[in-house]
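Here are the chains, one letter per residue:
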Amino acid sequence: MCGIIAAASERNVSELLVKGLHKMEYRGYDSAGLALHQENDITHLKALGKVSLLEEKLKSENPSSTLGIAHTRWATHGEPSEKNAHPHKSNERIYIVHNGIIENHLELKIFLEEEGYQINSETDSEVIGHLLDYFLNQRNNILDSIYLTKEKLDGAYAIAVLDIKDGENIYLARSKSPLLIGKGNNENFAASDPLAIGKLANEFIFLEDDDVAVISKSTIQIYDATKQSIQRKITEIDSEYQTTSKGEYKHFMEKEIYEQPQAILNTLDGRVGGDDVRDDIFGIGSSELFKKVKRIQIVACGTSLHAGRVASNWLSAIAGIPTQVDYASEYRYRNPHVDEDSLLVTISQSGETADTIAALRYGKEKDYLSTTTICNVPTSSLARESDFFLYTNAGPEIGVASTKAFTTQLTGLMLLVLSLAKSRKMNPKLRKRIITALRKLPEKIEEALELKQQIIKIAPEIAKKENALFLGRGIFYPISKEGALKLKEISYIHAEAYPAGELKHGPLALIDENMPVIALAPESEIVEKLVSNLEEVKARGGMLYVFSDTSIKMDLSSGKFINMPECDFLLKPILYTIPLQILAYEVALLRGTEIDQPRNLAKSVTVE
Ligand code: G6P
């Protein structure tokens with residue numbers, strides 16, 4: 001993961017770099033650092049912990065520089081420490097920041113040590129600077145040295161390089177990790193995410209794999225894998241996408257939970273007309289292509305995977321399309337059989353998750369009919385590399401624990417179901433019913449958000465515990481998994497989810513008065529069976545918190561019923577997500593954890 005940023009300007013860039021790092025803390029926040037060029041010297045600062053600690057150091061030193069690079073880290077190789085923080089330097093000349101993983105770093109370290117280099121950190125990144133220095137010492141110029149270094153590196157990287165002997169330029173290279181250039185007014189920038197430089201530039205150039213680039217305050221030169229000078233497309237990004245303030249809320253996660261009605265409206269905007277979805281909402285030609293689809297393969301990670309699991313139920317039940325769902329990190333290693341006429345669907349908030357991108361690229365080499373992504377970042381790698389794309393339009397999601405991205409993904413996935421069902425003799429009544437329910441969904445979500453006061457009452461009981469069990473059946477099982485994921489991510493309470501019928505095959509052994517059990521029990525044909533499962537919990541003294549919209553004949557000795565608003569059954573998975581998000585948030589608030597930036601995690605996982 002990690003976030004990198006670089007700036008070449010006429011003005012002092014030190015504060016700009018730190019501000020950019022703040023905006024990329026979602027990519028990692030265990031240490032930060034920067035290198036600023038000053039005549040024939042470099043100011044090199046590092047801090048263990050969040051970017052604010054680097055900022056304090058910077059204020060006390062107050063350096064002024066027009067050329068610099070900076071980094072916020074999520075540790076992969078080597079513990080979080082100042083020693084392992086970036087920028088890494090070589091020979092007091094070359095300073096580098098890196099996002100990605102250099103897979104062959106151990107063998108490169110041996111090579112470099114034999115060449116007399118001293119390795120000062122436990123990171124995989126440090127070798128990059130030494131390799132550059134090694135090739136420079138062999139009388140290569142810096143551009144050639146970058147190409148020679150690239151030949152030696154296996155893995156993923158986005159790199160920015162500062163050379164003490166060059167007060168004009170910053171050198172950039174990318175392979176598999178995101179990196180873009182932002183054009184400003186007499187200044188140029190590079191960063192892992194447009195968010196970091198969004199206020200400084202409005203034209204962006206997304207570097208492609210194996211590109212190398214050189215930026216100065218007034219020039220941008222890009223070279224392709226064969227060292228040929230090349231022009232890459234210029235993209236303009238809507239400045240609204242850059243809005244990243246917490247407003248009246250304590251945390252971004254809280255704000256993002258309460259933004260969900262509007263976010264879902266945005267997902268639906270322009271996609272629904274009359275009693276159906278519009279044609280080609282996944283891109284020109286998508287409706288025609290979708291007619292041929294006979295099977296679907298979904299790949300995603302984390303919360304996005306849970307959205308895929310809900311959608312697989314919808315796809316087979318509503319559109320009659322058999323669907324398989326895989327963890328993106330597993331998919332390409334199981335030698336999957338690809339049926340003809342299959343559609344590969346990726347789901348991602350960021351569009352930059354390394355495993356999901358790798359799964360898409362793997363899939364593109366197989367016999368898929370086509371590829372489609374549902375994603376919240378239109379400029380992301382997944383959006384650019386997929387044949388078709390639906391933008392969820394949830395707005396930037398900053399909290400590491402995903403909330404509005406999930407419910408908008410589910411909304412987008414229902415639009416996919418309807419788009420696929422269009423050519424498949426779908427019962428018009430069912431189609432109308434779903435469209436009506438989708439239109440009402442934002443107001444239903446508003447009603448679910450009003451459960452906050454009830455949830456605040458149960459949160460203290462759960463906050464005292466160290467474990468929790470989430471139960472759901474059928475399409476609510478992935479929602480219970482999402483509830484467990486939210487709770488463990490931000491409150492650090494160990495939480496697991498089970499399909500309720502599986503309880504007696506093991507987890508029942510865990511039940512006692514210390515085990516809160518959170519059950520999703522919407523009115524359905526199997527609610528009676530679920531109630532029997534809950535009785536089994538009650539008989540063993542478990543604390544039950546039951547979210548339901550039906551009258552359940554059961555006395556709870558400990559725990560509580562929470563009455564859910566009514567809603568069309570098909571969209572209830574989206575509705576039942578809301579109280580679980582609020583529960584995780586309120587519990588974490590009581591436990592005093594770092595809600596927006598939970599320990600050890602990062603929002604955009606750009607390493608495999
Ligand atoms: C990280 C985030 C999760 C997210 C997952 C997949 O683990 O913390 O919130 O669900 O990555 O990310 P994506 O951007 O592909 O949805």
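The structure we're discussing is the one just above.
Calculation notes
Along each chain, residues carry numbers from 1 onward, in the same order as the chain's sequence is written. Side-chain atom pairs in this predicted model are given and counted only at pLDDT of 80 or more, local residue features only at pLDDT of at least 70, and totals for whole chains, interfaces and linings cover all residues. Note that water and hydrogens are dropped before the side-chain values are worked out from all heavy atoms of the structure. Consider each residue's heavy atoms; a residue with any of them within 4 Å of a molecule or strand counts as near. N or O atoms closer than or at 3.5 Å make up a polar contact, with two conditions inside protein: a donor-capable atom paired with an acceptor-capable one, and, for residues adjacent in sequence, both atoms drawn from side chains. For every accessible area listed, the method is Shrake-Rupley and the probe measures 1.4 Å; residues are considered covered only by the protein chains on display. Every helix listed is a DSSP run of H or I at least four residues long, and every strand listed is a run of E at least two residues long, numbered separately from the N terminus. In this classification, Asp, Glu, Lys and Arg are treated as charged, Ala, Val, Leu, Ile, Met, Phe, Trp, Tyr, Cys and Pro as nonpolar, and every other residue, Gly included, as polar. Only protein chains enter the accessibility calculation, which uses a 1.4 Å probe; a residue is then buried when its area is under 20% of its type maximum, exposed when over 50%, and partly exposed in between. Two residues form a contact once any of their heavy atoms are found within 4.5 Å. Where helices are involved, their axes are fitted lines through C-alpha atoms of the stretch in contact, as for all axes, and angles between N-to-C directions lie from 0 to 180°. Any angle between 65 and 115 degrees counts as roughly perpendicular, while under 35 counts as roughly parallel, over 145 as roughly antiparallel, and the rest as oblique. Salt bridge, as applied in this entry: a Lys or Arg side-chain nitrogen positioned within 4 Å of an Asp or Glu carboxyl oxygen. Here a strand pair is declared whenever DSSP counts at least two bridges between the two strands.

K.L.:
What am I meant to see in the site of the ligand here?
P.N.:
Contacts to the ligand come from 13 residues, most closely from S304, S348, Q349, S350 and T353. One nitrogen or oxygen atom from the side chain of S348 is found 2.6 Å from an oxygen atom belonging to the ligand. Interatomic distance of 3.1 Å between a backbone N/O atom of A602 and an oxygen atom of the ligand. In isolation the ligand offers 380 Å² of accessible surface; the protein chains occlude 90% of this area. For the shell around the ligand, the element with the most residues is helix α10 (residues 302-318), which contributes three residues. Residue classes in the shell around the ligand are distributed as four nonpolar, eight polar and one charged.

K.L.:
Got a minute to help me understand the side chain of K255 in this structure?
P.N.:
Examined against the element boundaries, K255 turns out to sit in helix α7 (residues 252-258). A relative accessible area of 15% means that K255 is categorised as buried. K255 has contacts with S245, K246 and Y249, leaving out every residue within four places of it along the chain.

K.L.:
Please clarify how the packing of helix α8 (residues 260-268) against helix α15 (residues 428-449) should be interpreted in this entry.
P.N.:
Each pair of packed helices can be described by the angle between their axes along with the distance between the axes. Two elements in contact, α8 and α15, have axes separated by 8 Å at closest approach and are oriented at 170°. It follows from the interaxial angle that α8 and α15 lie roughly antiparallel. Between α8, through Q260, P261, I264, L265 and L268, and α15, the contact on the second element is made entirely by L438, L441, P442, I445, E446 and L449. Partitioning the contact of α8 with α15 into residue classes produces nine nonpolar, one polar and one charged.

K.L.:
Sorry if this is basic, but what is going on with the pattern of salt bridges here?
P.N.:
Side chains that carry opposite charge are capable of pairing whenever their charged atoms lie near each other. Summed over the entire model, instances satisfying the criterion amount to 29 salt bridges. Between R361 and E385 there is a salt bridge whose closest N-O contact spans 2.6 Å. Highlighted residues: R361 in helix α12 (residues 354-364) and E385 in helix α13 (residues 381-385), separated in sequence by 24 residues. The partner of E397 in a salt bridge is K603, with the nearest N and O atoms 2.7 Å apart.

K.L.:
Explain the sheet that holds strand β3 (residues 41-48) here, please?
P.N.:
Strand pairs in the sheet, formed through backbone hydrogen bonds, run parallel or antiparallel to each other. Ordered in space as β3-β2-β4-β1-β10-β9-β11-β14, the eight strands form an open sheet in which the pairing is antiparallel. Sheet topology places β3 and β14 (234-236) at the edges, where each strand pairs with a single neighbour. The average undirected angle you get between the axes of adjacent strands in this sheet is 20°. Pairing geometry for strand β2 (residues 31-38) and strand β4 (residues 67-73), over six bridges, is antiparallel. Along β4, the bridge assignment pairs L34 with A70. Against the sheet, helix α1 (residues 14-23) makes contact with β1 (3-8), β2, β4 and β10 (188-191), and its axis sits at roughly 155° relative to β1, the strand it touches most. Contacts from helix α2 (residues 51-61) reach β2, β3 and β4, with the element oriented near 140° to β3.

K.L.:
Honestly, unusual backbone geometry in this entry has me stumped. Any pointers?
P.N.:
Trans is the prevailing form of peptide bonds, just as negative phi is the prevailing case for residues other than glycine. Cis geometry is found at the peptide bond from H86 to P87, where omega equals -5°. Relative to the elements of secondary structure, P87 occurs in the loop between β4 and β5 (88-90). Positive phi values are uncommon outside glycine, yet E92 reaches one of about 55°. With respect to the helices and strands, the residue E92 is situated in the loop between β5 and β6 (94-102). The class for E92 is exposed, based on a relative accessible area of 51%.

K.L.:
Quick question: what am I supposed to make of the environment of I96 here?
P.N.:
With respect to the secondary-structure elements, I96 resides in strand β6. With relative accessibility at 0%, the residue I96 sits in the buried group. Distance in space between the C-alpha atoms of I96 and S125 is 8.4 Å, their sequence separation being 29 residues. Discounting chain neighbours no more than four positions away, the residues touching I96 are I69, H86, P87, H88, S125, I128, G129, L132, I159, A160 and V161.

K.L.:
How should the sheet that holds strand β21 (residues 388-391) be read in this particular structure?
P.N.:
Reading across from one edge, β18-β17-β19-β20-β21 is the order of the five strands in this open sheet, with parallel pairing throughout. In this open sheet, the two edge strands, each paired with only one partner strand, are β18 (323-327) and β21. Looking at each pair of strands side by side, their axes are set apart by 20° on average, direction ignored. Where strand β20 (residues 370-375) lies against β21, four bridges are found, and the strand directions are parallel.

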